[in-house]
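Topology and contacts: notes
The primary structure of each chain is shown beneath.
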Amino acid sequence: MARLSVVLALLGSLLLSSCGFHLRGDLPLSHFPAMYIQSERHSELAALVAERLERNKVELLQSYQQTAPMLQLIDDTLERRTLSLFPNGQVAEYELIYKVRYALTMPDGEPQQYQFELFRDYQDDPNQALAKTKELELMLAELRQQAANRIMRQLARLH
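This text gives an overview of the structure that appears in the document. Because the structure is a prediction, the values reported are computed rather than measured.

What counts, and where the lines are drawn
- Residues numbered from 1 in each chain as written.
- Predicted model: local features only at pLDDT ≥ 70, side-chain atom pairs only at ≥ 80, totals over all residues.
- Heavy atoms only, no water.
- Pairing = 2+ DSSP bridges.
- Helix = DSSP H or I, 4+ residues; strand = E, 2+ residues; numbered from the N terminus.
- Axes fitted to C-alpha atoms, helices over the stretch in contact; angles between N-to-C directions.
- Contact = heavy atoms within 4.5 Å.

The strands making up a sheet associate through hydrogen bonds between their backbones, and the pairing can be parallel or antiparallel. The strand order S2-S1-S3-S4-S5 describes an open sheet built from five strands, whose pairing is mixed. Because the sheet does not close on itself, it has two edges, and the strands there are strand S2 (59-61) and strand S5 (112-123). Direction aside, the axes of adjacent strands within the sheet are offset by 30° on average. Where strand S1 (residues 34-38) meets strand S3 (residues 70-85), three bridges bridge the pair, whose relative direction is parallel. Bridge pairing in S3 links Tyr36 to Met70. Strand contacts of helix H2 (residues 44-55): S1, S2, S3 and strand S4 (91-105), with the helix running at about 175° to S1, the strand carrying the most contacts. Contacting S1, S3, S4 and S5, helix H3 (residues 129-157) crosses the sheet at an angle of about 150° to S5.

The following block contains the structure:
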């Protein structure tokens, strides 16, 4: 019985490693020893991406060098679309749409542009304005975290 569980554990780990599975947090970014990030000043998304790159042992360059890749965070925007209304006509629920556009330029290459959208539903209550403002800030922070993770996964797939 113990032998069977060991065999199953080995088989499971073999299947996971053969399909390219990696634990979250540590991504195979060895093909990016150094990188320059270009973004708007004080960009929260850029700070999150930079933190993840450093955690994965990618040196962040202070200025652009033609021998290193450049990650350009073009823009990140938050839009909201009305989903439902209260009987009095006030908005009851929004759909938040977080859009991210970025480009990756490899040494001696042309910029490759990428974009994606993340969605969240948000219920509004005008009687709880302060609490709802805080909830919206938390949702935006979570969307930025997810966007940074998605950019990192995209970088890990490039070779």
